[in-house]
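Each chain, letter by letter, is given below.
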Amino acid sequence: MSTLRVNFAGVSFSIDSADGMDAVAQQLAVGSYEAPLPFLMMATLLRVEGTFIDVGANTGIYSVMASVVASSKDVIAFEPLPPVLNILRKNLAINHLQDKVQVHEVALSDKNGVASLHIPNPSHGLVETSASLESDFQQAHSIIEVPVKRFDDMNVSNFIGVIKADIEGHEYAFLNGARETIMRDRPIIFAEVVGPAKRGPMNALLQNVGYMDFRLRPDMAIHDGEVLFDNAAWNHALIPVERLAKFKEICDS
């Protein structure tokens, strides 16, 4: 097993590079991954109470990071794709976090049962990061059936402070299935919004639960009054209106 050592915000951790096939690990090691999301999300986790929920954990980069940077916080990860689950568990083990991070081998949606996970062509030779429950997200090379659950039905009793959702266009369905938790705990949510995302329904949901959307460019957070696709800002911060001052404090930090 080949590992990369990552230095981040005064702490360090190891990531399995999957013999060089994990592009995310490579980018993170040189500090070029998804700016400004890693710093902003960890700054948030350090400044708000509650558990970190990693939806679409993939190889566990953010679960490991959260566990190391905010070591007092509980971390719960959700990932349904078996090959990346294996790497996720390796990443937890090499950082001695296998007993700290709860891993659920399930996809989160707005229904309970089984659904088709669409897997793209693997010819790129890299660890897969784009499998989606959305049939039109991109052309599928293969399909597997995976268990799906509503987050509200997972019976997570923890107070939820921060959520990361990166599930390839299925973010609205997750949010809809977590509506009761969102209303209860008012977490700060970081969600990917790519081209095929259901932006209209997401915008309506956010207005209904009293949240505001900010697109996260490397140098700014932009609020437009609605959820927009921005090719320079795939990651968005979804903020309860009553926590805007806290979010500004986090951005300033």
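Anyway, here's the lowdown on the structure attached to this text.

Cut-off values and rules
- Starting from 1, residues in each chain are numbered consecutively following that chain's sequence as written.
- Two thresholds apply to this predicted model, a pLDDT of at least 70 for residue-level local features and 80 or more for giving and counting side-chain atom pairs, whereas whole-chain, interface and lining totals are computed over all residues.
- Just so you know, side-chain values use all the structure's heavy atoms and leave hydrogens and water out.
- Note on conventions: DSSP H or I runs of at least 4 residues are helices, E runs of at least 2 residues are strands, and numbering of each starts at the N terminus.
- Throughout this description, buried means an accessible area under 20% of the type-specific maximum (1.4 Å probe, protein chains only), exposed means over 50%, and partly exposed covers the range between.
- In protein, a polar contact requires one atom able to donate a hydrogen and another able to accept it; more generally it is a pair of N or O atoms within 3.5 Å, and residues adjacent in sequence count only if both atoms are side-chain atoms.
- Grid spacing is 1 Å over the protein atoms alone, the probe is 1.4 Å, and a cavity is where that probe fits but cannot get out, while a pocket is an open set with protein on both sides within 12 Å along at least five of seven lines and lining residues have an atom within 4 Å of a point.
- Grid points are joined across faces, edges and corners, and a volume is the space filled by probe spheres set on the points.
- Whether two residues are in contact is decided by their heavy atoms: any pair within 4.5 Å suffices.
- For this analysis, a salt bridge means a side-chain nitrogen from Lys or Arg found within 4 Å of a carboxyl oxygen belonging to Asp or Glu.
- Pairing between two strands requires that DSSP report at least two bridges joining them.
- Helix axes are fitted only over the stretch in contact, all axes being lines through C-alpha atoms; the angle between N-to-C directions runs from 0 to 180 degrees.
- For a helix, the expected span equals 1.5 Å multiplied by the residue count minus one.
- The reported arc concerns the directions from the helix axis to the C-beta atoms and nothing else.

## Re the side chain of Asp 152
- Secondary-structure assignment places Asp 152 in the loop between β8 (142-150) and β9 (160-165).
- By relative accessible area, which is 14% here, Asp 152 ends up buried.
- In this structure the side chain of Asp 152 is engaged in a polar contact, spanning 2.6 Å, whose partner is the side chain of Thr 181.

## Looking at the layout of surface pockets
- One number sums up the size of the largest pocket: a volume of about 820 Å³.
- Broken down by element, the lining of the largest pocket gets its largest block of residues, three residues, from helix α1 (residues 23-29).

## Description of the environment of Val 127
- Relative to the elements of secondary structure, Val 127 occurs in the loop between β7 (113-119) and β8.
- Val 127 sits in the buried class, given a relative accessible area of 13%.
- Excluding residues that lie within four positions of it along the chain, Val 127 makes contacts with Ala 18, Met 21, Asp 22, Asn 58, Thr 59, Val 84 and Ile 87.

## Observations concerning empty space enclosed by the protein
- Under the defined criterion, the tally for this structure stands at two cavities of 30 Å³ or more.
- Size it by volume and the largest cavity reaches roughly 40 Å³.
- In terms of lining, the largest cavity is formed by Glu 34, Leu 37, Tyr 62, Lys 164, Ala 165, Asp 166, Phe 190, Ala 191, Glu 192 and Asn 235.
- Of all the secondary-structure elements, those providing two or more residues to the lining of the largest cavity are β9 and β10 (188-192).
- The greatest single-element share of the lining of the largest cavity, amounting to three residues, is contributed by β10.

## Side note on the pattern of salt bridges
- Throughout the structure, instances matching the rule amount to 13 salt bridges.
- The salt bridge involving Asp 230 is made with Arg 217; its shortest N-O contact spans 2.9 Å. Of the two residues, Asp 230 sits in the loop between β12 (220-222) and β13 (235-240) while Arg 217 sits in strand β11 (residues 211-217), which places them 13 residues apart along the sequence.
- For Arg 217, a relative accessible area of 29% puts it in the partly exposed group.
- Salt bridges here are not isolated pairs; linked through shared partners, they connect Arg 150, Asp 152, Asp 153 and Glu 180.

## Quick notes on the sheet that holds β13
- On the basis of which strands lie adjacent, the open sheet formed by eight strands has the order β5-β4-β3-β9-β10-β13-β11-β12 and mixed pairing. The sheet is open, and its two edges are formed by β5 (101-104) and β12, each paired on a single side. Across the sheet, the axes of successive neighbouring strands diverge by a mean angle of 20°, strand direction being ignored.
- Both β10 and β13 contribute to a ladder of four bridges, which runs antiparallel. Paired with Ile 189 across the bridge in β13 is Leu 238.

## Let's talk about helix α4 (residues 82-94)
- With 13 residues, α4 extends 19 Å from end C-alpha to end C-alpha; this agrees with the ideal 18 Å at 1.5 Å per step.
- Of all the positions in α4, only Val 84, Leu 85, Ile 87, Leu 88, Asn 91 and Leu 92 are classed as buried. All buried residues of α4 fall inside an arc of 165° around its axis, so they share one side.
- Once α4 ends, the next one or two residues include His 96, with phi positive near 55°.

## Focus: helix α7 (residues 199-209)
- Where α7 is concerned, the buried positions are Met 202, Asn 203, Leu 205, Leu 206 and Val 209. What you see down the axis of α7 is that its buried residues fit within an arc of 165°, all on one side. Counted as exposed and oriented over 90 degrees from the buried face of α7: Gln 207 and Asn 208.
- Packing partners of the buried residues in α7 comprise α5 (171-177), α6 (179-185), β11 and β13.
- In the stretch just after α7, Gly 210 is the one whose phi turns positive, near 75°.

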